[in-house]
Amino acid sequence: MSRTVIHGGLVVTASDEIHADVLIEGGRIAALAAHGTDAATGWSADRRIDATGMYVVPGGVDAHTHMEMPFGGTYAADTFETGTRAAAWGGTTTIVDFAIQSMGHSLREGLDTWHAKADGNCAVDYGFHMILSDVNESSLKEMNRLVAEGVTSFKLFMAYPGVFYSDDGRILRAMQRASGNGGLIMMHAENGIAIDVLVEQALAEGRTDPRHHGDVRKVALEAEATHRAIQLARVAGAPLYVVHVSADEAVAEIAAARHKGLPVFGETCPQYLFLSTDNLAEPGFEGAKYVCSTPLRPREHQEALWRGLRNNELQVVSTDHCPFCFSGQKEMGREDFSKIPNGMPGVENRMDLLHQAVVDGHISRRRWIEIACASPARMFGLYPKKGTIAPGADADVVVYDPGAEQTISARTHHMNVDYSAYEGKRVTGQVRTVLSRGVPVIEDGAYVGHAGHGTYLPRGTCQYL
Ligand SMILES: NC(=O)NCCC(=O)O
Ligand SMILES: [Zn+2]
Ligand SMILES: [Zn+2]
């Protein structure tokens with residue numbers, strides 16, 4: 001059994017910061033011991049990694065990605081191969097992507113299709129949520145079978161009428177099913193019916209450029225849908241996880257529900273924390289790069305999101321990584337913002353941006369690891385296998401240089417997309433070494449992993465319930 005020792009670093013988890021060496025045996029964390037103690041100095045190893053001056057942190061868990069997602073007549077540009085490789089470059093060693101049920105098809109067909117896309121192609125480990133597009137008697141029954149086999153979370157959409165949209169009756173039925181089988185409903189909370197009216201009116205008035213994507217997807221329509229989703233979940237007795245929360249009023253809805261003791265959870269994404277409607281309004285057609293839903297908001301919303309993350313009103317930061325190239329894909333909406341494929345790249349940037357949030361004083365070091373690693377792992381039934389550094393956990397470990405300076409750029413990133421949403425942003429901190437189950441994936445500034453190393457993760461149920 002191969003043995004690796006990471007020595008000299010500061011081990012940071014969601015709960016602790018300890019100056020300790022880490023022993024890895026056969027892909028798992030075997031032990032931690034304080035630097036210089038007999039225990040640590042006595043460890044023999046095949047590989048020694050010097051982490052002096054570095055943080056030793058759990059591999060990131062990105063619980064919201066869309067590799068190869070079909071959207072608006074095209075596909076997200078990262079495959080499972082390119083997207084998981086980019087994830088590894090950014091210190092993320094687990095993704096949970098979304099298998100999609102197509103209208104008129106079973107959940108099983110959707111799941112099989114996504115397994116075929118991912119199987120043998122991933123650089124790091126992966127699991128699946130299931131998108132429910134067609135809630136009916138048979139898909140409701142299938143939910144039980146999926147939970148039993150490790151697909152324990154189901155995304156529903158209050159947005160995108162005619163595509164993924166479910167009405168309140170279907171949402172309620174799915175929630176009732178989840179309340180009985182341990183599943184977690186993930187909600188895209190925007191009032192899509194009302195938004196489509198505003199889209200039609202904007203286009204009729206000649207308001208066709210990207211910034212109008214933000215105008216029509218009103219804060220009130222995110223807050224209203226968030227409120228409605230919470231009430232439906234309450235009636236069903238089901239837990240609820242609201243994805244990609246962007247608006248202060250939506251955070252307030254989640255906070256109020258949690259204050260009442262309801263099992264309601266919230267996720268936000270780096271784009272809402274670092275970008276704003278100013279980006280959507282960039283000259284020419286540049287704003288298309290920032291079209292995603294929920295949309296970017298005026299900068300004033302960011303403080304509510306940071307506060308929500310500090311106060312545990314929001315528990316998780318995921319990327320909603322759904323990249324479309326500017327050239328040929330975002331350009332599909334040059335004459336009509338509603339034809340711009342929705343989504344932004346980010347799987348490679350999340351750990352660094354959140355470390356920058358530590359540097360900027362928004363969150364503590366431990367909260368960084370909590371919202372990026374431990375909490376998503378707990379939320380989606382992967383803890384303590386993933387999301388921490390503790391004996392028995394998978395040895396998904398990142399050696400992180402907290403003092404390194406880097407500039408985010410499409411010229412140097414590894415995502416399969418022709419722009420960066422954070423082009424030119426200077427951040428402090430950089431991944432040095434990444435191990436996935438004890439195997440080096442990133443080492444000395446090079447990718448040393450391979451497609452097919454990443455294995456499928458059947459998941460347990462939400463560990464916050
Ligand atoms: N978020 C986004 O704009 N695209 C991906 C699909 C979704 O999460 O709604
Ligand atoms: Zn969504
Ligand atoms: Zn998404």
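Throughout what follows, the structure given in this document is the object of discussion. The structure displayed is predicted, hence computed values, not measured ones.

Conventions and cut-offs
- Residues numbered from 1 in each chain as written.
- Chains lettered and ligands numbered in written order.
- Predicted model: local features only at pLDDT ≥ 70, side-chain atom pairs only at ≥ 80, totals over all residues.
- Heavy atoms only, no water.
- Near = heavy atom within 4 Å.
- Polar contact = N/O pair within 3.5 Å; in protein donor to acceptor, adjacent residues only side chain to side chain.
- Areas by Shrake-Rupley, 256 points an atom, 1.4 Å probe, with all protein chains shown as cover.
- 1 Å grid on protein atoms, 1.4 Å probe; cavity = no way out; pocket = protein on both sides within 12 Å on 5 of 7 lines; lining within 4 Å.
- Sits in = over half its atoms within 2 Å of the grid points.
- Nonpolar A, V, L, I, M, F, W, Y, C, P; charged D, E, K, R; others polar.
- Pairing = 2+ DSSP bridges.
- Helix = DSSP H or I, 4+ residues; strand = E, 2+ residues; numbered from the N terminus.
- Contact = heavy atoms within 4.5 Å.
- Axes fitted to C-alpha atoms, helices over the stretch in contact; angles between N-to-C directions.
- Core = buried A, V, L, I, M, F, W, Y, C linked by side-chain atoms within 4.5 Å.
- Buried < 20%, exposed > 50% of the residue type's maximum accessible area, 1.4 Å probe, protein only.

### Let's talk about the site of ligand 1
Link 1 in the chain: Close to ligand 1 lie 13 residues, the nearest being Lys155, His188, Ser293, Asp320 and Asn342.
Link 2 in the chain: At 3.1 Å, a side-chain N or O of His188 approaches an oxygen atom of ligand 1.
Link 3 in the chain: In the environment of ligand 1, a nitrogen atom lies 2.6 Å from a nitrogen or oxygen atom belonging to the side chain of Asp320.
Link 4 in the chain: If ligand 1 stood free it would expose 270 Å²; the protein chains cover 100% of that surface.
Link 5 in the chain: Given that more than half its atoms are within 2 Å of the pocket grid, ligand 1 belongs to the largest cavity.
Link 6 in the chain: Among the residues forming the shell around ligand 1, the class breakdown is four nonpolar, seven polar and two charged.

### Some thoughts on the sheet that holds strand E10 (residues 92-100)
Link 1 in the chain: Spatially, the eight strands line up as an open sheet ordered E7-E10-E11-E12-E13-E14-E15-E16, and their pairing is parallel. Among the strands making up the open sheet, the edge pair consists of strand E7 (60-65) and strand E16 (316-317).
Link 2 in the chain: As paired elements, strand E13 (residues 184-188) and strand E14 (residues 240-242) share three bridges and run parallel to each other. Opposite Met186, over in E14, you have Tyr241 as the bridge partner.
Link 3 in the chain: Sheet contacts for helix H9 (residues 248-259): E14 and strand E15 (264-268); angle to E15, the most-contacted strand, approximately 150°.

### What about the nonpolar core?
Link 1 in the chain: Grouped together as the largest cluster of nonpolar side chains are 130 residues, with contacts concentrated most on Met175, Ile185, Met187, Leu240 and Trp368.
Link 2 in the chain: With eight residues, helix H8 (residues 219-236) is the largest single contributor of residues to this core.
Link 3 in the chain: Non-local contacts of Ile185, meaning those with residues more than four positions away in its chain, are made with Met143, Phe154, Leu156, Ala174, Met175, Ala178, Pro239, Leu240 and Tyr241.
Link 4 in the chain: Judged by nonpolar contacts, the second largest core, of 16 residues, contains Ala20, Ile24, Ile29 and Ala393.

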